[in-house]
Amino acid sequence: MCGIVGYIGARRPVPILLEGLKRLEYRGYDSAGVATMNGSDSLFVCKRAGRVRELEHALPELPPKANVGIAHTRWATHGPPSDNNSHPHLSTDERIAVVHNGIIENHSTLRTMLIAEGVNFRSETDTEVVPHLIARFYEGDLQAAVKQALGLIQGTYGLVAMCVDEPDRLVVARNGSPIVLGVGDNEMFVASDAPALIAHTRQVVYLEDGEVAVLDANGFQTTDLSDRSITKAVNELDWEIEQISLGDFEHFMLKEIHEQPRSIQRGLRGRALPEFGDAKLGGLNLDRRAFFDIRRICLIACGTSLHAAMAASYLIEELARVPCSVEIASELRYRNPIVDANTLYFSVSQSGETADTLAAMREIRRKGGIVLGVVNVVGSTIARESDGGIYIRSGPEIAVASTKAFTSQLLALTLFAIKIGRMRDLSAEAGRNLLRALAEIPEQIEHLLAEQSDHLKAIAESISSAPYVLFLGRGGNFPAALEGALKLKEVSYIQCEGFAAAEMKHGPIALIGDGTPVIFISPMDHLHEKTLSNMEEVKARGGRVIAICNPGDNEVRNVADEFIEIPATHNMLTPFLSVIPLQLIAYFAALYLNLDVDKPRNLAKSVTVE
Ligand code: F6R
């Protein structure tokens, strides 16, 4: 949450910082600010509540010449969005500026101490204690002062500091909030996320917790908080600029929904072994024998990743015949989890930075458990701290509402289920059938997108004035229903909920009145008849049944008020297809309601605070 960009070099920083902020707006978008310096005796600072474009409008046409700058786009935690609460925050003498992601947990103690020492605070933020603390310790060495200040701070931070007295450097520190350095040609960049850097450099360095870097135009030096020097590896980013640009699409959410045929193909490439009905997953770091010892699998995640994990748990249990539980990371982390040697844990996270998932995973590892990551962002904290794992390869996800990560996470875990299944009861033929069906999914999604978009748009428009929408499914389509409800509520603000279809009559049926839209996922599988009965129950109470079904399903057509056809696939794989219309319905509803689809209110991508 919140985005940071910094630059030091020969170019004017403001355009670089603004462009970087726009690429990071998905990290938070309620206010933004920039500070630059040029060797003169003062900082140039501009901050505005609202989007980055408000900041852009507030900036003078030609901001003062400078060669160092820092900028920030905020997702408010302490204090509402306002000009004053925007970062950068300054020391009292306005010689030190800081941008910060994370939460300073002991900020109120520090604030009281600083006020007693005569400091005047200008904002309600937790961050503002940082520049004041740095100023308190500053004696001509910014790095030393930052380290002393960090010594007093409890909490998480990714931060960048600069000082007019040292106009040739930026000091960067990390503890719990991602920071990546970009190495250019006689210029250096820093950001909270790699998309802010791709337009300028592919050479990146990921800071670890407890590391501090000092940047000048010629490079960087890294030390720990005790001043021990640290050698850092420079990594090559493999993202393309097109992947983080809109191209011909109006919104990233739509672009990312449409990218799913490609992202699934990428996730399959080199991993499916059709001849053997098996899967090859290189990064698990488990020797063959370790697979035999697995007695239980536990998937840990939040939000959309949690739903993907839930959908995968049905596959894992069915194919591998191993009990598989799914845990909400924020609950698990505080539950003193029971960890045993024969349970294999997975942290499932698109960003690889979600604070709750990371904390739960650290707790499991502390207790001796083996945790593998199912992660999209290469080099992210969860990817680096896990014992091994699977990159889902869905490419950068920019829209705040996660879409393509869901299908890619499900794919990665399906391949894992096939692999472990093949070491147990799954026959080569059964494995082959699944891989054959998986290989067809990209084309089936392509077909669905081409054939159904207009129809889905009409359905979305017709439900967008409903006060309440229900999503129902069974088996692996129960988590797909949960995901449909999450997607619709987060981008359209329509109240909605997902349930296991049979649970409806245990309470939620009370919500159904005349015309209440109820979206059923009802493929022709072994639960088809059961779901049909649930549809009848909804109809009998005046509900409007919108059914996602397979072509030629006359039984559903006879009951449903409207139907959405998805291609038939292997029984276990329908969530790959049933989730697509649900993503599109959410997108079109938000569009119809004239809402900011890619930046829904109150949300931000990558929840790096608790
Ligand atoms: C919903 C959404 C969130 C994330 C959740 C976990 O569209 O994006 O629910 O899925 O915050 O994020 P990751 O997968 O990055 O751990």
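About the cut-offs
Residues numbered from 1 in each chain as written. Predicted model: local features only at pLDDT ≥ 70, side-chain atom pairs only at ≥ 80, totals over all residues. Heavy atoms only, no water. Domains from an automatic or database assignment. Contact = heavy atoms within 4.5 Å. Buried area = accessible area lost by both parts, 1.4 Å probe. Salt bridge = Lys/Arg side-chain N within 4 Å of Asp/Glu carboxyl O. Polar contact = N/O pair within 3.5 Å; in protein donor to acceptor, adjacent residues only side chain to side chain. Helix = DSSP H or I, 4+ residues; strand = E, 2+ residues; numbered from the N terminus. Pairing = 2+ DSSP bridges. Axes fitted to C-alpha atoms, helices over the stretch in contact; angles between N-to-C directions. Expected span 1.5 Å × (residues − 1). Buried < 20%, exposed > 50% of the residue type's maximum accessible area, 1.4 Å probe, protein only. Arc of directions from axis to C-beta.

Caption draft 1: Spotlight on the domain arrangement of the protein. Domain annotation for the protein reports domain 1 (3-243), domain 2 (246-426) and domain 3 (444-596). When each unit is reduced to the centre of its C-alpha atoms, the spacing between domain 2 and domain 3 is 25 Å. Every contact between the two is made by 26 residues of domain 2 and, on the other side, 24 residues of domain 3. Between domain 2 and domain 3, roughly 2200 Å² of surface is buried when both sides are summed, and carbon and sulfur atoms account for 76% of that area. Scanning the region where domain 2 abuts domain 3 turns up one salt bridge. Measuring nitrogen to oxygen at the nearest pair gives 3.1 Å for the salt bridge that ties E446 to R262. Between domain 2 and domain 3 we count eight residue pairs in polar contact (both at pLDDT 80 or more) in total. Of all the secondary-structure elements, those providing two or more residues to the side of domain 2 that touches domain 3 are α6 (252-258), α7 (260-268), α9 (303-320) and α13 (404-422).

Caption draft 2: Region of the structure containing the sheet that holds strand β6 (residues 96-101). Taken together, seven strands build an open sheet; the order of strands is β5-β6-β7-β8-β12-β13-β14 and the sheet is antiparallel. Each edge of the open sheet carries a strand with a single partner, namely β5 (89-90) and β14 (229-230). In this sheet, β6 lies alongside β5 in antiparallel orientation, the contact comprising two bridges. Bridging across to β6, L90 finds its partner in A97. Docked against the sheet, helix α4 (residues 129-137) engages β5, β6 and β7 (157-163), running at close to 135° with respect to β6.

Caption draft 3: Spotlight on helix α16 (residues 528-540). Its 13 residues place the ends of α16 19 Å apart at the C-alpha level, agreeing with the 18 Å of an ideal helix rising 1.5 Å per residue. Regarding α16, the residues found buried are H528, T531, L532, N534, M535 and V538. The buried residues of α16 occupy an angular sector of 160° when projected down its axis, which confines them to one face. Residues K530 and A540 are exposed on α16 and point more than 90 degrees away from its buried face. Next to the buried residues of α16 lie β25 (517-521), β26 (544-549) and α17 (554-559). Positive phi shows up at G542, right after α16, with a value of about 90°.

Caption draft 4: A look at unusual backbone geometry. Between H87 and the following residue, P88, the backbone shows a cis peptide bond with an omega angle of 0°. With respect to the helices, strands and loops of the structure, P88 is situated in the loop between β4 (68-74) and β5. Of note in this structure, D227 is not a glycine but carries a positive phi near 70°. Mapped onto the elements of the fold, D227 is located in the loop between β13 (219-224) and β14. Accessibility expressed as a relative area gives 55% for D227, which makes it exposed.

Caption draft 5: Seen up close, helix α11 (residues 355-366). Between its first and last C-alpha, α11 extends 16 Å over 12 residues, near the 16 Å set by a 1.5 Å rise per residue. Of all 12 residues in α11, nine are buried, a share of seventy percent or more. Along α11, the residues that are buried comprise A355, D356, T357, L358, A359, A360, M361, E363 and I364. Buried positions along α11 lie against β18 (296-301), α10 (329-332), β20 (343-349), β21 (370-375) and α12 (381-385). Immediately beyond the C-terminal end of α11, within one or two residues, lies G368, with a positive phi of roughly 95°.

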